[in-house]
Amino acid sequence: MTLTHPEDTVYGQVGDATVPLRFGDLSAEYKVLRERAVALDLSGHTLIEISGPAAVDFAQRVLARDVEYLTSERCMMSLVLDDDGRVVDQVLAFGREDGLLLESSVGAGARLLEHLRAVGDEGVEIADRSADLTVIGLEGPYAWGVVGRLIDGELASLPFEAVSDTVWNDVEIIFARTGFTGEYGYQMIVPVESAADLWLATLEHVTPAGQEALELAMLEVRQPIPRLETAGDVNVIEIGANWLVDVTKDEFVGKEAVLAAFESRQGRRTVGFSGGDTVPEPGARVLAGGEDIGEVVFAVRSVGLGTTLGLARVEAGLAAAGLELTVEGAGVTTLTSPYIVPKSWSIPII
Amino acid sequence: MTVDELRAKAAERQQTCSQIKKMIVSRLDLEVDPDWITDDQPLFGRGLELDSLDVLELYVAIEAEFGVALYDSEMAVFGSISRLADEVDPRLGATA
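None of the values given here were measured: they were computed from a predicted structure.

Student: Help me out: how do you make sense of the sheet that holds strand 18 (residues 324–327) of chain A in this one?
Tutor: Strands pair in a sheet through their backbones, by hydrogen bonds, and they do so in one of two ways: parallel or antiparallel. Taken in spatial order, the six strands close into a barrel running 14-17-16-15-18-19 (chain A), and their pairing is antiparallel. Looking at each pair of strands side by side, their axes are set apart by 45 degrees on average, direction ignored. Bridge count for strand 18 of chain A against strand 19 (residues 330–334) of chain A is four bridges, and the pairing is antiparallel. From the neighbouring strand, E324 of chain A faces strand 19 of chain A, where its bridge partner is T333 of chain A. Taken strand by strand, helix 7 (residues 211–220) of chain A contacts strand 16 (291–302) and strand 17 (307–315) of chain A, and its axis lies near 135 degrees from that of strand 16 of chain A. On top of the sheet, helix 1 (residues 3–27) of chain B reaches strand 15 (285–288), strand 16, strand 17 and strand 18 of chain A; it is set at about 65 degrees to strand 16 of chain A, its chief contact.

Student: Looking at this structure, I do not really get the interface of chain B and chain A. What am I missing?
Tutor: Interfaces are often sized by the amount of accessible area the parts lose when they come together. Listed by partner, the interface residues are 32 residues for chain B and 39 residues for chain A. Here chain B meets chain A over a buried area of about 2900 Å², counting both sides, of which 57% is carbon and sulfur. At the boundary of chain B and chain A, one finds four salt bridges. Between D40 of chain B and R222 of chain A there is a salt bridge, with the nearest N and O atoms lying 3.9 Å from each other. Counting the contacts that link chain B with chain A gives twelve residue pairs in polar contact (both at pLDDT 80 or more). Among the elements of the structure, helix 1 and helix 3 (81–88) of chain B are those that each provide at least two residues to the side of chain B that touches chain A.

Student: How do you make sense of the domain arrangement of chain A when you look at a structure like this?
Tutor: Residue and element names in this part refer to chain A. Each domain of chain A was delimited in the assignment, giving domain 1 (10–220) and domain 2 (267–350). With centres defined by C-alpha atoms, the gap from domain 1 to domain 2 works out at 27 Å. If you look at the interface, domain 1 gives 20 residues, while domain 2 gives 20 residues. Contact between domain 1 and domain 2 buries roughly 1600 Å² in total, counting both sides, with carbon and sulfur atoms accounting for 68%. When the buried area of domain 1 at its contact with domain 2 is split by residue, W144, L219 and E220 rank highest and sum to 40% of it. Counting across the domain 1 and domain 2 interface gives one salt bridge. Salt-bridge contacts for K343 lead to E35; the nearest nitrogen and oxygen are separated by 3.0 Å. For the interface between domain 1 and domain 2, the tally reads seven residue pairs in polar contact (both at pLDDT 80 or more).

Calculation notes
- Residues numbered from 1 in each chain as written.
- Chains lettered and ligands numbered in written order.
- Predicted model: local features only at pLDDT ≥ 70, side-chain atom pairs only at ≥ 80, totals over all residues.
- Heavy atoms only, no water.
- Pairing = 2+ DSSP bridges.
- Helix = DSSP H or I, 4+ residues; strand = E, 2+ residues; numbered from the N terminus.
- Axes fitted to C-alpha atoms, helices over the stretch in contact; angles between N-to-C directions.
- Contact = heavy atoms within 4.5 Å.
- Buried area = accessible area lost by both parts, 1.4 Å probe.
- Salt bridge = Lys/Arg side-chain N within 4 Å of Asp/Glu carboxyl O.
- Polar contact = N/O pair within 3.5 Å; in protein donor to acceptor, adjacent residues only side chain to side chain.
- Domains from an automatic or database assignment.

Pasting the structure below:
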């Protein structure tokens, strides 16, 4: 843990990382994220540097999206797949002068690193940079205002997935316009020794939110949460993360398996649902007209909707919004995404 | 509803979504199989990565294909293919 937090912070183990689940009240953190802006401790995201003469070719082979022309002023979200088309991780890839910097999803760094090293090529150096770099995030409809007060107002209006190497308090940082929740989002990749100072400076403008509030907001806009959605024998098509895979690309690890799954038109599909007074466990059965059609992927109590919100993986012919289904005896309704409309969609950056 | 009635209802939405995907791919000349686009896929920024010029094109295409004018709508109607389906065919009506 790079950053220090209040004594009453509730931590949890997520994969290989211990992360702040909430700093206080989940409901309050969520509401600030959706209404104003929050700071996010993303130190559970591992940073992996891909360098060497064959770095870009290697990245092009292991990432499911096209990064051949990813300049140092751009970043891109992509899946990393294994040969069977299963998700190893969902990463944020930053173009760099001498290769790429990959940011893992929370707690997935060790698994990603192991996979990259297993498929590594000659001429490629793969280095875990977690000991010297960490990530701080900002999300919310007014996160752009925080950027202006914290660093530079011009950075706030960067295009989505644009990156700028900049300086904060004489420290070189990588600044990016990103976002997981549909709200305006930014990330700051900062040297570990300066992270605490930047975190405290950020907290002069916003309050922090933990992993629970972040993941709830991600679910509401169907931003995939790998640790909760990729368990078991499921492929990209069943997860519904097609948009994080570029099948028009010539070649990448897992492409054949993904195309085979797509062309087979078999398997289940994922759909959101809400309803019920209790939160069903992953694996709870989903019924349609009394017939078992699939299972719950995961569910949470939604602060915004005031009811249970979750994802179900059901037979493809029933993966559609507007259906009345049953989960553990409770009536639920399948939903159209996004389940909550982000406030940022109607607020310009000024 | 019986499971067969639910399947029929789902098929109706999926057919509208499929029609929208084909329209988007055709009008915006995208190099992707329309079926590759998921019903929940975001259209702007992340996801299909359309921009404001694409929106103008889609306004025209939707009116031509579905007879629905969305010019004064909020950006939320483009939140996903399925959300757009709710707009072009209100009978589907599943928007939260």
